Amino acid sequence: MNWFGAAYYPEHWPRERWREDARVMAYLGINVVRIGEFSWGVVEKRPGQIDFTLLDEAIDALYSEGIRIIMGTPTAAPPSWLLKKYPGVLRMDGDRRTPVAAGRRQYCFNSPRYRIETERIVSAYVDHYGKDHRIIAWQADNEYGCHGSTLCYCRNCAGAFREWLRERYGTLDNLNQSWGTVFWSHTYGDWEEINPPKPGPVSPNPSLVLDYRRFSSDSAIEYHDIHKEIIKKSSKAPLTHNLMVNFTDIDYRKLARKIDFVSWDNYVAGEYDPDLQALNHDLMRSLKKAPFLVMEQQPGRVNWRSVNNAYPSEQLAFWIKQSVAHGAFGSLVFRYRQFPFGAEQFHGGLLNYDGTMTERARVFAETIKELRNWKIEDPQKEAAIYIDYENFWIGETDNLNGNFRFLFDSILPIYKAFRNFGYNVDFLFPGESPQSYSFVAIPSAFKLDEDFVRDLLKFKGKIFITAMTAQKDQNNNIRVQKADDFQLLTGIHVVDFGGLEGPIKVSSCKNVFDCDFVAEEIEVLNGCQTVARYIDGPFKGKPAVTVKENCYYVGTIPDVESIKRIFLEASIERKAEGSARLLSMRSYRVILNPYPYSLRLKIGEEIHSLKQYEVKRI
Amino acid sequence: MNWFGAAYYPEHWPRERWREDARVMAYLGINVVRIGEFSWGVVEKRPGQIDFTLLDEAIDALYSEGIRIIMGTPTAAPPSWLLKKYPGVLRMDGDRRTPVAAGRRQYCFNSPRYRIETERIVSAYVDHYGKDHRIIAWQADNEYGCHGSTLCYCRNCAGAFREWLRERYGTLDNLNQSWGTVFWSHTYGDWEEINPPKPGPVSPNPSLVLDYRRFSSDSAIEYHDIHKEIIKKSSKAPLTHNLMVNFTDIDYRKLARKIDFVSWDNYVAGEYDPDLQALNHDLMRSLKKAPFLVMEQQPGRVNWRSVNNAYPSEQLAFWIKQSVAHGAFGSLVFRYRQFPFGAEQFHGGLLNYDGTMTERARVFAETIKELRNWKIEDPQKEAAIYIDYENFWIGETDNLNGNFRFLFDSILPIYKAFRNFGYNVDFLFPGESPQSYSFVAIPSAFKLDEDFVRDLLKFKGKIFITAMTAQKDQNNNIRVQKADDFQLLTGIHVVDFGGLEGPIKVSSCKNVFDCDFVAEEIEVLNGCQTVARYIDGPFKGKPAVTVKENCYYVGTIPDVESIKRIFLEASIERKAEGSARLLSMRSYRVILNPYPYSLRLKIGEEIHSLKQYEVKRI
Amino acid sequence: MNWFGAAYYPEHWPRERWREDARVMAYLGINVVRIGEFSWGVVEKRPGQIDFTLLDEAIDALYSEGIRIIMGTPTAAPPSWLLKKYPGVLRMDGDRRTPVAAGRRQYCFNSPRYRIETERIVSAYVDHYGKDHRIIAWQADNEYGCHGSTLCYCRNCAGAFREWLRERYGTLDNLNQSWGTVFWSHTYGDWEEINPPKPGPVSPNPSLVLDYRRFSSDSAIEYHDIHKEIIKKSSKAPLTHNLMVNFTDIDYRKLARKIDFVSWDNYVAGEYDPDLQALNHDLMRSLKKAPFLVMEQQPGRVNWRSVNNAYPSEQLAFWIKQSVAHGAFGSLVFRYRQFPFGAEQFHGGLLNYDGTMTERARVFAETIKELRNWKIEDPQKEAAIYIDYENFWIGETDNLNGNFRFLFDSILPIYKAFRNFGYNVDFLFPGESPQSYSFVAIPSAFKLDEDFVRDLLKFKGKIFITAMTAQKDQNNNIRVQKADDFQLLTGIHVVDFGGLEGPIKVSSCKNVFDCDFVAEEIEVLNGCQTVARYIDGPFKGKPAVTVKENCYYVGTIPDVESIKRIFLEASIERKAEGSARLLSMRSYRVILNPYPYSLRLKIGEEIHSLKQYEVKRI
């Protein structure tokens, strides 16, 4: 069964309206709604007075039309009485400033009191709904880490961090050694001397920073485990959590192991790029190498951008079809009806503020009707991109180039080049094997898993590695280069490196490429050949792109066009040509036109025409 | 009598100089000076030791030349001993940070201690000068809200805010209902759970934000009432307060009811635009629909800009004449003499640092001599612009477009178009009637007074409304549209809307207009006609400008040129043509050239020439 | 003996490596290394357990190859245990926020506890190494003021500031008078009412601000005195401190009196400009009018820029030769070997991370070999630029133009013009005499020493003064102009002035110049002539450049090209022509090409060719 639906907040509307809402939902083809994830204050109006009547009656109304429920645990927004009673649960920044109470995600993951309150309220929800067959899934909390809520600098966190470090390093000697604390006299003689590295003009030790990021991610996951444990004890319904777009503060690969299926919230953040949304879909599918759910689908206008623009309704249709083509087994629009109150009052929905239907609701109904006939299949294994969440954190410590953004400048261009060539893309994480793919890219993997390198030595497909890969070790220290598997694989030695203040040119026999951000001085070792050289910059005339057997190494950061040219020099076969996109499943293919004008796509000898926003199976 | 003069600080200069200053003032034509508004530390050197000798002698010296006094109460700058003795009077930001002590406006309006001290010192001034016939007016405090001093987040304010809410809403149920606190589980069960909405990455409830802005404005006015009550008990001299340019943190309409005449400080803030200064004059006149005083007239260079540029002396003449043309009954230059010490040491004055006369003093003398023959009349009632101070606060909560500035992007362009067409402009506030005008504009009145709409239904002149008008209700929630007076007036229904990331085009039969910031999808109802359509953007092809009888509605934000074209399409008569400006009083007209070059102005068939900076009665 | 070497951290490397390092150093020609300046945590691992074994053995290893030691006292980076034990030693910003502990320079100069700890640890170092002949110099602490660490707002500082003020002013009456505290009722009645002027939206009293800057600079120097006193008691080795590039928070002229020779850290901060590095060299030489040491020479890439770019090795050679040409008696590269751990892990060095030699080490060895034959001489006295560190602080209080940067917009352009004309440049400080020079420039000396003016009245060379000179008095108040020596010298009276929002034009008979930032209205007095007039701006048509005998006055801020044209109008002789640079010593001349391409330099009738980065004696 495909899940199509919306986020629904019965508590926002009069009881009398619920049955009409359910009827409209059924009319639109909705079979699932998510409820409950901000309902704590509704269920427990005053401390200890827990009452599920409202949710019960709403669920009755919905299920009377056959609509099933994804139930959210309500901890992302503690009730006002709780914050008044326990102000100590609030997060703190490095200067002990707390977030505004009248918001959400105000709490610290390591607050003992908040953990107790979480246990209490989640248990109440699970006691009440754990055996209810109408609940087809649980969502734990909501968008861990949203609003910059991953990092906290309170005393609870400082203490928990020290415990976490004790666990990881055993002895202070080991920690001091691993972090190189001899630098600037930081050597610790007592665990209590270690503090969370609050931001400031002096860069703290990069190993400390990386471990604090790891600890913070682990804290979120440990907090998630409270939900998991309680839910799993009493309920057979699968558990998920709604992940976020372009979000890297929490190791989603680790978190994904604690949920039964991946779901995520598909919003346009920053400038709209349909490939960036697709990248997120592919990443979400890759977390468990399995179909996923779009838990929140942007309907059109949102409320949290600087400019909250409107979209034509056809774009919603495109977004939903694109999700399913990339492996989504369902999609829930956020939200069912526009709510004229509260912080999200400008957010769009399927229904207008006055309860009438929008044009986009009609388009939504058509779209999900069409999609019911699609068989959900994972795209075939073709190209793979190596990714390690810890590298996002390394990328955010001081680096060669403060303008360099790991996701946007290194990963996305490679993803776009693959997609432009017509390749499906999977993401591979440390511990996974490249063997089923024909092409593996490693964009700027500062820290690179040694087992993965060993696997690559046996890999027969093409390998494409860009600058700064394997520059760091597991402690965010510089990896001192030596004759090892990475050198064996690439055939190069990085002699020196530096940031670039602007783009420079690199030239092969046939092409001139644009590169940017960093340049490495490369020594070409035995069995390796120079493909292109710097014709500019501090390493002018020296090798910039090399190849050893099937392994290309680029000592700088190429843009999309440059990557495509290197692919061509590497004789990579083009599966498709054009601005439209191709996805190949086991039993069918999908072609997609994300743009508001017609396009053609050439696949081998076939030429396909696509109308604006058209997505079709071929 | 017209009041012409300057701000004078006898405490800054040796006693021996006072009589000479008075003689020079008299020579220049000065008949009024303001003194005292920063004199607390002079009058009460140490706690409780109050001594008015210095001010007394200075007033004697001034009055010996016939110069009368506007006396300022000195509370805007508490003495150093007071801040040391009572540090609790300091304002606090959301993170409990206080302003620098060695400044001014450091105090919190709700500090009980500061209110006691205010009563004590104001009573002393009024006891001493309340019956003094030489005091022709009182100024309470100085520039309420300057330096961002309107909002405070201290515990006193939190408590006072709760009281204010109790007063407004009676019950928590009522408040919860009005604010939609069910959203994100914010429902309050205890008044103590409510806190001032400190700024942060998560947007707080917009109703809470609006009420905090209302409360903050009311707090300033309540604080002002302390001055008013004491002064009114003992003195017959009128009371004023000096308002500020482009300032919207305090509801000046409410404050204006607590003073006997409006005065304001005419400075160039931001980029100089003579229409913006004129808009402020017209707004100030409109507050009480009566002549006003320019309490502080920028002399030339100030000290508080990033770049403190010099001006030719003729510009001072222009500014003073412009004030009087717009309804000022007087103008006081800030300040009489440049003071080489303190935070404003770079501020210009009529006299040099060394006490010699500046060129601008001579120009000032000529100007006021010329103006003594003018009869001060209010401009005739022609065009009116609807304004509600609360809409500035709504406009500063999260919105469709973070780049949109209510004053500069919506009100000012309409004002400029009116002035370009030769119309006098009044501002109308909720509770006032449009009936005496021939043209009423409602620029983006997010919240629109229902009585005003009812009046407009009977109004025979032209009506011009721009996007986002009536989008919100009194609680800063989205107004759910229905068949009501506003729909009856405009003949439209706003189906959808969104922010614009840049300008788009709108086209009528005759014209193409530029619009920006937001676009509304408009449904044209019975009796309403489409004037122009979007030829771009998310609502391409749909109506953008409509007319129902005498009422034009623009579903986006037009720039000045576009407004002028719509005016022409609406057959608005041009009273004047050219870059110079026309003002029409009952018994005379004034034409003004704000620029440093000659201009012509066409009024009907008359053509008038104006020299640079020339202002003349015709 | 010339000192050539590097910063060395034996504590970062295994003991076994030290002798090899010493051999490599000797091979490269290194005769001096600096060690110890971050070694506190190494020498005193736990409180009170002081053990110099590691340093002793490292020194033995180094000296076995003839390498001598500059020993740093280790107070710039207190050990972790100290910060845990005494958190009160941390600096505070105006809102009582402390810097991150895991950094460096976290301490407050006025912390009594940190002063005690400083005495204790410095005494230990001096007791141990005070008589050691291998120690050829001491460096006290490291880079006072780095990371914005000069200013502190803690209670200790507030108390010490009040003491400092008592010392300076004697009575509160005197202070109140000097500061003009009558403004805004700030008059102090008790020393305790005075507080450090924390930053904020309201500008505090400029006299208070200047005195707080003076006090803060004095605090750093007073803290330095602790080191000086202890070292001088027991050691005959000279004492230095490593000053910083473009750094003006501490009065280096005052600090220079407390050290035996000046040393500084030659890094490229901001955009690279070889003249800016040269200016810093000349400034450092001028502090004691004596040869200086480059204590840290940037090797190539650093780690603390936003973009950490690489440099060709030849640039290091150029930098070292440029230093010596400008009067350095030695140069130590920072650092000997790249360290893969800690906050500076991306910083370059002479050796690679893996201990192998870099190309730049080879270039370094060649360079110092070549330089051993140079005789270190001070450049001859030709042109001089007046500088007063207090003027930097005045320039940072509110001013006419917030875009104006005293060093970059006023001093540097004049320095560049002098250098372009082939003149050596010295800097002159208050208390020094211009008599030995042929040309003296006074760029925007807001406050100008009266004795210096008196000297100038007798000076026969050319004098070149730019706008805002003598605008302020010693208290950062406006200097009220009168018939005095400055007027006698310049022949002008500044009638008015203002900031400029962009460049304006000034014209003489022969030339049109570009000027910017501020414009002064100048009255030309007896004996003075107008050289050029404003053809733009608020003082259009009035004098902009004047000359009285040998003294040129420019009432605005000219750019480099404009200064060169005024020099030509003033018949200043060009000693050199071209983009390369000339330095003239008593017994030889040096010509320098800072650029990566060949250049010619014309000196009188001689024409010299220079290869890229070439520096040669002629």
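Note that this is a predicted model, so its numbers are computed, not measured.

### Details of helix α3 (residues 53-63) of chain A
Looking only at α3 of chain A, the buried set comprises Leu55, Ala58, Ile59 and Leu62 of chain A. Buried residues along α3 of chain A cover an arc of 100 degrees about the axis, so they all sit on one side.

### Regarding the relation of the copies chain C and chain B
Taken as rigid bodies, chain C and chain B are interconverted by a rotation of 120 degrees and an axial shift of 0.0 Å, the fit giving an RMSD of 0.0 Å. Here the transformation between the copies is reduced to the relation of a three-fold axis. Relative to the rotation axis, the closest C-alpha in chain C is found at Asp95 of chain C, a distance of 5.5 Å.

### So, the interface of chain A and chain C
Contact residues are listed per partner, giving 42 residues for chain A and 43 residues for chain C. Residue assignment for the side of chain A that touches chain C shows that the elements contributing at least two residues are α8 (206-234) and β14 (492-499) of chain A. Examining the composition of the side of chain A that touches chain C, we find that 4 residues originate from one element, β14 of chain A, more than from any other. Partitioning the side of chain A that touches chain C into residue classes produces 18 nonpolar, 16 polar and 8 charged.

### Describing unusual backbone geometry
With an omega dihedral of 5 degrees, the bond running from Phe334 of chain A to Arg335 of chain A counts as a cis peptide bond. The phi dihedral of Tyr613 of chain A falls on the positive side, at around 60 degrees, and the residue is not glycine. One non-glycine residue, Arg105 of chain C, adopts positive backbone phi at about 50 degrees. You can see Arg105 of chain C is positioned in the loop between α4 (80-85) and α5 (112-129). You can call Arg105 of chain C buried: it has 23 C-beta atoms within 10 Å.

### Remarks on the UniProt feature "active site" (unreviewed entry) in chain A
Residue and element names in this part refer to chain A. The positions UniProt marks with the feature "active site" (unreviewed entry) are Glu143 and Glu296. The greatest C-alpha distance among the annotated residues, which extend across 154 residues, is 10.6 Å, indicating that they converge on a single site. Its location among the elements puts Glu143 in the loop between β4 (135-139) and α6 (155-169). In contact with Glu143, other than residues within four places in its own chain, are Ala76, Asn242, Met244 and Asp265. Inspection of the secondary structure assignment puts Glu296 in strand β8 (residues 292-297). You can call Glu296 buried: it has 24 C-beta atoms within 10 Å. Non-local contacts of Glu296, meaning those with residues more than four positions away in its chain, are made with Ala7, Asn242, Asp265, Asn266, Leu332 and Phe334.

Rules used throughout
Residues numbered from 1 in each chain as written. Chains lettered and ligands numbered in written order. Predicted model: local features only at pLDDT ≥ 70, side-chain atom pairs only at ≥ 80, totals over all residues. Buried ≥ 20, exposed ≤ 12 C-beta atoms within 10 Å, placed from the backbone. Helix = DSSP H or I, 4+ residues; strand = E, 2+ residues; numbered from the N terminus. Arc of directions from axis to C-beta. Least-squares fit on C-alpha atoms with pLDDT ≥ 70 in both. Contact = placed C-beta atoms within 7 Å. Nonpolar A, V, L, I, M, F, W, Y, C, P; charged D, E, K, R; others polar. UniProt positions renumbered as here; feature names shortened; annotations may be inferred.

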